[in-house]
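Below, each chain spelled out in residue letters.
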Amino acid sequence: MSYRKQHVWIFILASAALAILIGFKPAYGWRLRAWLSPEGEAQTTDQISLAADNASLRLQLTALQSGQSAASNTNTADGIHAMVYSSYPFGFKSQIVLNAGSDAGIQIGKAVTYQGIFIGTVQSVFPDSAVVQTIFDPSFKTPVRIGSQGIDALLVGGSFPKATSISKSVTVTNGDNVYTAASGLPYHLLVGTVAQMSASADDVFKEAGLNFSYDLMDIQSVLVER
Amino acid sequence: MITFLAGLVILAFSLFLQFQLAGFGLWFNLALAVLIAAAFIFDFWELVFLDLFAVFLLNWEPAPTLTLITFALIPIAAFLSKKVIRWESWIHAFVALAVGFLLFYLIIDAHFFTSHLITFVTDLIVGLLVGELVFLALS
């Protein structure tokens, strides 16, 4: 016990140093955490990139089939490129932190995409970083449309996001694209593709489980709507 | 000092495991369990250091958040409860783990708690096991 009293100042000073790092230089913690976190094991970066390209091309095809301008809807040239710093470390939410903030022109509510695929919206902004609420957050909700017919649905986030509130009278097939249709967001950004259809819990609507061509944990850079 | 270093290594490993499991969609609050158990082993400033070490690695945005403040305060509250309640340490640690996890869920997102009860129960069981094992190993 005596060593503890002798060394109490070491712990106080070390705690103060950690508190300063947490408050003023959190990026050191993010880097250390990135080193401890798993890297993309299931897919290589090239595989993810190819899958995302494929999904993006499918979206442009859908847009052309439905008579809309794919070029205007998938134009990402005027976005802000940002790297993913870290992510929410518990299961309650799904958030990622970007290395660009209000100084780079990022604003709250703007769409965030990964290789043309919508992954979430900016929730809060700091001078040099921004927090993005992803579609995998349980509280995420946004209107979407499905397939070339533009069937209305509501995207509900979670570990397994779903397109809900789909009318029982419409036909949705597996592989149909799901894309954004919310005011305040660019129209026709790909979200995912329909994986399987089922009836809602109250049997009033249909809902669709979705497939995604990326793994959120593997994303290293994104594009934020300007 | 050896006990403290062992505690630090166990905490670092629990954080590593927590991050790895999260990559597979498995969310267990292993670090919280280790810190609550540590509250019954270490002195106040040793616990504060371990607590801040975990916060340093778990912190994800450049501003104080309710999640991390709650995470940091629960082990401190467990430590302070020793001054008020005089139970057998392992029983006290067991109760503190259960109450700590319950408070963590309720304060961070009560709606998540009610809608994901199975997630909470699973996390709690794993937390109780890990916490008690760490307590027995270090005490």
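What comes next concerns the included structure. These figures come from a predicted structure and were not determined experimentally.

### Here's the deal with the overall build of chain A
And then number 1: A count of helical and extended segments in chain A gives 5 helices and 12 strands.
And then number 2: Taking all contacts inside chain A whose residues are at least 6 apart in sequence as the whole, residues at least 24 apart take part in 55%.
And then number 3: Put simply, chain A shows about 11100 Å² of open surface, and 54% of that area lies on carbon and sulfur atoms.

### Section: helix H4 (residues 66-84) of chain B
Residue and element names in this part refer to chain B.
And then number 1: In this model H4 runs 26 Å from its N-terminal to its C-terminal C-alpha over 19 residues, within 8% of the 27 Å that 1.5 Å per residue would give.
And then number 2: Inspection of H4 places Thr67, Leu68, Thr70, Phe71, Ala72, Ile74, Pro75, Ile76, Ala78, Phe79 and Ser81 among the buried residues, and these make up the whole buried set.
And then number 3: Residues of H4 that are buried in the fold lie against helix H2 (30-38), helix H3 (44-58) and helix H5 (89-115).

### Digging into the pairing of strand E11 (residues 206-211) of chain A
All names here are of chain A.
And then number 1: Burial analysis of E11 places 5 of its 6 residues in the buried class, the great majority of the element.
And then number 2: Relative to E11, strand E8 (residues 162-166) is paired through 3 bridges, and the arrangement is antiparallel. Its bridge partner being in E11, Ala163 is matched across the sheet by Ala208.
And then number 3: Here strand E10 (residues 190-199) pairs with E11 via 6 bridges, running antiparallel. The partner of Ser198 across the bridge, within E11, is Glu207.

### With respect to the interface of chain B and chain A
And then number 1: At the interface, 37 residues of chain B touch 36 residues of chain A.
And then number 2: Contact between chain B and chain A buries roughly 3500 Å² in total, counting both sides, with carbon and sulfur atoms accounting for 73%.
And then number 3: The largest contributions to the chain B side of the interface with chain A come from Trp45(B), Phe56(B) and Trp60(B), which together make up 22% of the buried area.
And then number 4: There are 7 residue pairs in polar contact (both at pLDDT 80 or more) connecting chain B and chain A.
And then number 5: Among the secondary structure elements, those contributing two or more residues to the side of chain B that touches chain A are helix H1 (2-22), H3, H4 and H5 of chain B.
And then number 6: Sorting elements by how many residues they give to the side of chain B that touches chain A places H3(B) first, with 10 residues.

### Quick notes on the packing of aromatic side chains
And then number 1: Following the criterion strictly, the structure yields 24 aromatic pairs over all chains and no others.
And then number 2: Centroid distance Phe11(A) to Phe4(B): 4.6 Å. Interplanar angle 70°. Geometry classified as edge-to-face. Taken together, the residues span two chains, with Phe11(A) in helix H2 (residues 8-24) and Phe4(B) in helix H1. Taken individually, Phe11(A) and Phe4(B) each receive the classification buried, so the pair is uniform in this respect.
And then number 3: The interplanar angle of 70° and the centroid separation of 5.3 Å between the aromatic rings of Phe90(A) and Phe104(B) together place this pair among those described as edge-to-face. Linking Phe90(A) in the loop between strand E1 (80-87) and strand E2 (95-98) with Phe104(B) in helix H5, this pair reaches from one chain into another. Residue Phe90(A) shares its accessibility class with Phe104(B), and that shared class is buried.
And then number 4: Ring-pair connections join several aromatic residues into one group, and the members of that group are Tyr88(A), Phe90(A), Phe92(A), Trp60(B), Phe71(B), Phe104(B), Tyr105(B), Phe112(B), Phe113(B) and Phe120(B).

### Some thoughts on the environment of Leu129(B)
Residues and elements named next belong to chain B.
And then number 1: Relative to the assigned elements, Leu129 resides in helix H6 (residues 117-138).
And then number 2: A relative accessible area of 54% means that Leu129 is categorised as exposed.
And then number 3: Residues Leu129 and Leu30, 99 residues apart in the sequence, show an inter-C-alpha distance of 9.8 Å.

### As for unusual backbone geometry
Residue and element names in this part refer to chain A.
And then number 1: Look at Ser165: it is not a glycine, yet its phi comes out positive at around 55°.
And then number 2: Topologically, Ser165 is positioned in strand E8.
And then number 3: According to the relative accessible area criterion, Ser165 is partly exposed, its value standing at 37%.
And then number 4: Even without being glycine, Asp203 reaches a positive phi, approximately 65°.
And then number 5: Structurally, Asp203 is set in the loop between E10 and E11.

Parameters and conventions
Within every chain, residues take consecutive numbers counted from 1 along the sequence as written. Chain letters start at A and ligand numbers start at 1, both assigned in the order the entries are written. Side-chain atom pairs in this predicted model are given and counted only at pLDDT of 80 or more, local residue features only at pLDDT of at least 70, and totals for whole chains, interfaces and linings cover all residues. Excluded from the side-chain calculation are hydrogens and water; included are all heavy atoms of the structure. Helix and strand assignments come from DSSP, with helices taken as H or I runs of at least 4 residues and strands as E runs of at least 2, each series counted from the N terminus. By the convention used here, residues are in contact when the closest approach between their heavy atoms is within 4.5 Å. For accessible areas, the Shrake-Rupley method is used with a probe of radius 1.4 Å. Any residue's cover is judged against the shown protein chains and nothing else. Expected helix span is given by 1.5 Å per residue-to-residue step, counting one fewer step than there are residues. For every residue, the accessible area (1.4 Å probe, protein chains only) is compared with the maximum for its type, and the residue is labelled buried under 20%, exposed over 50%, or partly exposed between those bounds. At least two DSSP bridges between two strands are required for those strands to pair. Buried area, as used here, totals the accessible surface that two parts lose on assembly, with accessibility defined by a 1.4 Å probe and the loss added over both. Pairs of N or O atoms within 3.5 Å make up the polar contacts considered here, provided that, within protein, one atom can donate a hydrogen while the other can accept it, and that residues adjacent in sequence are counted only when both atoms are side-chain atoms. Ring geometry is summarised as follows: Phe, Tyr and Trp rings, the Trp one being its six-membered ring, pair when their centres sit within 6.5 Å, and such pairs are stacked at plane angles under 30 degrees, edge-to-face over 60 and tilted between the two.

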